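Here's the letter readout for the chains.
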Amino acid sequence: MADNHNLQNPHAILVAYPLQGHVIPAVHLAIKLATKGFVITFINTQSIHHQISKSHSSPGDDLFAGARKSGLDIRYTTVTDGLPLGLDRSLNHDQFMECLLNVFSAHVDELVGDIVRRSDPPATCLIADTFFVWSSMVAEKHKLVNVSFWTEPALVFTLYYHWDLLRENGHFGGSVSNKWNPAQQEKDYFDFLCSPRGSEWDVQWEMPQDNRKDSIDYIPGVGSIKPTDLMSYLQDADIGTVVHRIIPKAFAEVKKADIIICNTVGINLCDERPIAREKIADNINRLMSGKTSDELRNEMKKMRKTLEDAVATDGNGSSERNFKQFVNEVKVKIRQRSGIAIGT
């Protein structure tokens, strides 16, 4: 149970997705939160830790040895991803992804439970990469505030978030047969992607045709884009891969988060629960608008000014203000979860 003292220095458990492009932003977030008074327990996989240690000048140190010397309370621990340490993950990509989808959560759940039982101050918050499919389960089990951390641009988030619209309109997963009810199609398709590949599936499935090639102009908050502008996973013809099973599960999972924090200008996309599509669209629209070249140039000028303001060194930049708002919202959620009245 959190008390007022612990709310001044909340303890967040941060779990990084075990890929370089995800670990680095997670490290930056951990340090940033620690500078704001958070106690951080950073969970890395044993495989990523091993890779880093091999190239580190001081093998005994972890990622945050320097930060701790400067006075920041960042604790570090590792967990298995379910595969032998010596296995090359890049050469065994599908096996690695299957473990992250089906095995990794059990190891994280056990470690988080141990941290919750033993840590001082008590852990009150779980920050996990958006691509993990188990965050709400672990957070609810251990009574932690559930924060989803998106490490890529906000535009990429909203395109993945609306994958169902892309499929419904035939831009992802092939064209849709008119004889199916759209709501049933979405449920069937989700069940199909989330089922173990090759297992028996008792719902009749009509294999999709080629994706549509015309412009995509129906994603809330996003101007008209070409199908070739989509992320590669949303352009793939083979949608039965393990990654295509992770995507819909991850973006169903993110709707259960207490807070979403995004690694871009305008840090917090939405802290409402359930998360409204329109709310995220409003925030994304600040980043993407204008259909002509002149409009785009004007928007780029505005964006440049926004970025300059965001990184202002006087502490009043929009990025810093947004981060302070995020910190305050986390503390509010912790109070609510702990049953402590706001303002006490």
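Residues numbered from 1 in each chain as written. Predicted model: local features only at pLDDT ≥ 70, side-chain atom pairs only at ≥ 80, totals over all residues. Heavy atoms only, no water.

Asker: Can you explain the confidence of the model for the chain? Please cite residues and give values.
Answerer: Chain-level pLDDT for the chain is 81 on average; 72% of the residues reach the 70-or-more range. When the criterion is pLDDT under 50, residues 197-207 qualifies, and its contacts beyond four places in sequence or with other chains add up to 17 contacts. Ignoring residues within four places in sequence, the model shows residues 266-275, a span with pLDDT below 50, making 42 contacts including any to other chains. (pLDDT = per-residue confidence, 0-100. Contact = heavy atoms within 4.5 Å.)

Asker: Just give me the short version of helix α8 (residues 154-161), but keep the residues and values in it.
Answerer: By the criterion of burial, α8 is predominantly enclosed, with 7 of the 8 residues buried. Of the residues making up α8, those classed as buried are A154, V156, F157, T158, L159, Y160 and Y161. (Buried < 20%, exposed > 50% of the residue type's maximum accessible area, 1.4 Å probe, protein only. Helix = DSSP H or I, 4+ residues; strand = E, 2+ residues; numbered from the N terminus.)

Asker: I'd like to hear about the pattern of salt bridges, residue by residue, with values.
Answerer: If you walk through the whole model with that rule in mind, you get 11 salt bridges. Residue K32 is joined to E320 by a salt bridge in which the shortest nitrogen-to-oxygen separation is 2.8 Å. Here the residue K32 occupies a position in helix α2 (residues 20-35), and E320 occupies one in helix α14 (residues 318-338), the gap between them amounting to 288 residues. Note that K141 and D109 form a salt bridge whose closest N and O atoms lie 2.7 Å from each other. Of this pair, K141 sits in helix α7 (residues 135-141) while D109 sits in helix α6 (residues 104-118), and the two are 32 residues apart along the sequence. A relative accessible area of 49% means that K141 is categorised as partly exposed. When salt bridges that share partners are traced, they join K32, K36 and E320 into one network. (Salt bridge = Lys/Arg side-chain N within 4 Å of Asp/Glu carboxyl O.)

Asker: So, helix α5 (residues 93-102): which residues are in play, and what are the values?
Answerer: Along α5, the residues classified as buried are F96, M97, C99, L100 and L101. In this structure, the buried side of α5 is in contact with α6 and α11 (242-253).

Asker: Before we move on, can you summarise the environment of A257 with the specific residues and values?
Answerer: Turning to its location among the elements, A257 is positioned in the loop between α11 and β6 (259-262). Under the relative-accessibility criterion, A257 is labelled buried at 2%. A257 sits 112 residues away from V145 along the chain, and the two C-alpha atoms are 8.3 Å apart.

Asker: Could you give an account of the packing of aromatic side chains, naming the residues involved and the relevant values?
Answerer: Scanning all chains against the criterion turns up 18 aromatic pairs. Note on F64 and Y76: the rings are 6.2 Å apart at their centroids and 55 degrees apart in plane angle, and the pair reads as tilted. Here Y76 lies in strand β3 (residues 74-79) and F64 lies in the loop between α3 (46-55) and α4 (65-69), a separation of 12 residues in the sequence. With respect to class, F64 is no different from Y76; both count as buried. Through pairs of rings, three or more aromatic residues link up here, namely Y17, F104, F131, F132, W134, W150, F157, Y160, Y161 and F251. The ring of F323 has K32 lying over it, and the distance from NZ or CZ to the ring centre is 5.4 Å. Over the ring of Y161 we find K255, and its NZ or CZ is 5.4 Å from the ring centre. (Phe/Tyr/Trp six-rings, centres within 6.5 Å; stacked < 30°, edge-to-face > 60°. Lys NZ or Arg CZ within 6 Å of the ring centre and 35° of its normal.)

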